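# An overview of the molecular structure
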Amino acid sequence: MVFRPNVVFLDIGLPGMNGYEVARHLLASPATASAKLIALTGWGTQEDIRKSKMAGFHAHLTKPVAPEAVEAMLATFL
């Protein structure tokens, strides 16, 4: 069985491989290429948001995020 998520919440500031790189790998893999990627990160400058779009993220949420904002984001993608 192959795991095929519909939505992936992903932090940008990860050790080793950052979230931008992880996003590119997820979008390049047949098992995860159709997943909607949502950055959920403490990095929220305009440059961070631009980089997340360039990496293929479908949306960008900056911490702290209200639960209602997460629910609304999920509702747009599910």
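In what follows, the accompanying structure is described. Computed from a predicted structure; not experimentally measured. (Residues numbered from 1 in each chain as written. Predicted model: local features only at pLDDT ≥ 70, side-chain atom pairs only at ≥ 80, totals over all residues. Heavy atoms only, no water.)

### Things to note about the nonpolar core
Inclusion rule: We call a set of buried Ala, Val, Leu, Ile, Met, Phe, Trp, Tyr and Cys residues a nonpolar core when their side-chain atoms join them within 4.5 Å. Burial classes: relative accessible area under 20% of the type maximum marks a residue as buried, over 50% as exposed, and values in between as partly exposed (1.4 Å probe, protein chains only). Here a strand is any run of E in DSSP of at least two residues, a helix any run of H or I of at least four, and the numbering for each starts at the N terminus. Throughout, a contact is declared for two residues whenever any of their heavy atoms are within 4.5 Å.
Residues Val 8, Leu 10, Ile 12, Tyr 20, Val 22, Ala 23, Leu 26, Ala 35, Leu 37, Ala 39, Ala 55 and Phe 57 constitute the largest nonpolar core, which totals twelve residues. Elements supplying a minimum of two residues to this core: strand 1 (7–10), helix 1 (19–28) and strand 2 (36–41). A total of four residues in this core trace back to one element, the largest contributor, which is helix 1. Apart from residues no more than four positions distant in its own chain, Ala 35 is found in contact with Pro 5, Asn 6, Val 8, Leu 27 and His 58.

### Looking at the sheet that holds strand 3 (residues 59–62)
To keep things clear, this is the line we draw: Criterion used throughout: strands pair if DSSP finds at least two bridges between them. Between N-to-C directions, angles span 0 to 180 degrees; the directions come from axes that are lines fitted to C-alpha atoms, helices contributing only their stretch in contact.
Reading across the sheet, the three strands line up as 1-2-3 and stay open at both edges, with parallel pairing between neighbours. Both edges of this open sheet fall to strand 1 and strand 3, since each of them pairs with a single strand only. Between one strand and the next, the sheet's axes are offset by a mean angle of 20°, whatever the strand orientation. Where strand 1 lies against strand 2, four bridges are found, and the strand directions are parallel. Bridge pairing links Leu 10 to Ala 39 in strand 2.

### Structural notes on the packing of helix 1 against helix 2 (residues 46–55)
The test is simple: The cut-offs work like this: below 35 degrees is roughly parallel, past 145 is roughly antiparallel, 65 to 115 is roughly perpendicular, and the gaps in between are oblique. By convention the crossing between two helices is left-handed if the near helix lies anticlockwise of the far one by an angle smaller than a right angle, and right-handed if it lies clockwise.
Contact geometry of helix 1 with helix 2 gives a least axis separation of 9 Å together with a crossing angle of 20°. Overall, the two elements helix 1 and helix 2 adopt an arrangement that is roughly parallel. The handedness of the crossing between helix 1 and helix 2 is right-handed. Between helix 1 and helix 2, the contacting residues are Tyr 20, Ala 23, Arg 24 and Leu 27 on the first element and Asp 48, Lys 51, Ser 52 and Ala 55 on the second.

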